[in-house]
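# Examining the three-dimensional arrangement
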Amino acid sequence: MTTLSDSTRDQLMRVSVATISTALFKRGLRNQTIQDVQPVARKGRNMVGPAYTLRYIPAREDLNKLEVFRNPEHPQRACVESCPAGAVLVMDSRKNPRAASAGSILVTRLMVRGVAGVVTDGGFRDSPEIAGLAIPAYHNRPSAPTNLTLHQALDINVPIGCGDVAVWPGDIMVGDDEAVIVIPAELADEIAEEAVEMTAYEDFVTERVLAGQSIIGLYPATQPRNLEEFAAWRARSGR
């Protein structure tokens, strides 16, 4: 699994998905924000961790009876027990929320094992209970039916698609109270550093706009005076 430094993790905990998306866009990466996925409940803090993946395919009735859960090697169950602490479990549910990708018991198990978060482009059952857990969870919408009715768990920790975004094991996942984004692992350190710088400037801009200043020449900064004022603002604020 990708090693994520404490400093990079801390930086990514303090920036928004929107800001990260702009930093990735500067590098030509336009399609990194997972589509049609939102927090089950807003946590007021970010989810950050390397991706650990599970791939579902369409269920076939003769292979997907309720008894399959008795097998400890069943991919869904095995994935919950093997996802590393600090990682984010990302599930490819084919953007189909008509059956659940998981429920509150499995998500609780992930939380107890120290997993940093869970993401699916499908739905969760027991969503009110999941909303009350400390672990960040993201899905398309609530879904009561068991996954077996539509989804067959197949592959663990392979490249997947989630919400129209390619997710490779070890990619760095960041979620906030708005959305989830995928950062290629090799870019994580530089994206984190740049996003912190961008956030500081955006906070400065917000303060100036609230004070009545025009965005022209300020956002983006095209006038040297604004950059000078930003430098002075950073010195005062310790940012």
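The protein has the name Ribonuclease activity regulator RraA in an unreviewed UniProt entry, where Rhizobium lentis is given as its organism. Heading Cofactor (unreviewed entry) of the UniProt record for the protein holds this comment: "Mg(2+)".

Attention shifts here to the pattern of salt bridges. The full count for this structure, using the stated rule, is 11 salt bridges. For Arg-14, the salt bridge goes to Asp-10, with nearest N and O atoms at 3.3 Å. Judged by its relative accessible area of 42%, Asp-10 is partly exposed.

UniProt records the feature "binding site: Mg(2+)" (unreviewed entry) at Asp-126, using the numbering of this structure. Relative to the helices and strands, Asp-126 is located in the loop between β6 (123-124) and α5 (127-131). Not counting chain neighbours up to four residues away, the residues in contact with Asp-126 comprise Gly-103 and Ser-104. Side-chain polar atoms of Asp-126 contact the backbone nitrogen of Ser-104, separated by 3.0 Å.

Attention now goes to the sheet that holds strand β4 (residues 100-102). As summarised here, the arrangement of the 3 strands in space is β4-β6-β8, forming an open sheet in which the pairing is parallel. At either end of the open sheet lies a strand with only one pairing partner, and these are β4 and β8 (141-142).

What follows is about the packing of aromatic side chains. Evaluation of the coordinates by the stated rule reveals 5 aromatic pairs. Measuring from ring centre to ring centre gives 5.4 Å for Phe-204 and Phe-230, while their planes differ by 50°; the resulting arrangement is tilted. Taken together, the residues Phe-204 in helix α6 (residues 188-210) and Phe-230 in helix α7 (residues 224-237) connect sequence positions 26 residues apart. What makes Phe-204 buried here is its relative accessible area of 2%. Residue classification places Phe-230 among the buried residues on the basis of a relative accessible area of 11%. For the pair Phe-230 and Trp-233, a centre-to-centre distance of 6.0 Å together with 20° between the ring planes defines the contact as stacked.

A word on helix α3 (residues 75-82). Three- or four-residue spacings in an α-helix give side chains the same orientation, since the helix completes a turn every 3.6 residues. Listed in full, the buried residues belonging to α3 are Pro-75, Gln-76, Ala-78, Cys-79 and Val-80. Of the surrounding elements, those touching the buried residues of α3 are β2 (47-58), β3 (88-92), β4, α4 (104-112) and β9 (151-156).

Scoring rules and cut-offs
Residues numbered from 1 in each chain as written. Predicted model: local features only at pLDDT ≥ 70, side-chain atom pairs only at ≥ 80, totals over all residues. Heavy atoms only, no water. UniProt positions renumbered as here; feature names shortened; annotations may be inferred. Salt bridge = Lys/Arg side-chain N within 4 Å of Asp/Glu carboxyl O. Buried < 20%, exposed > 50% of the residue type's maximum accessible area, 1.4 Å probe, protein only. Helix = DSSP H or I, 4+ residues; strand = E, 2+ residues; numbered from the N terminus. Contact = heavy atoms within 4.5 Å. Polar contact = N/O pair within 3.5 Å; in protein donor to acceptor, adjacent residues only side chain to side chain. Pairing = 2+ DSSP bridges. Phe/Tyr/Trp six-rings, centres within 6.5 Å; stacked < 30°, edge-to-face > 60°.

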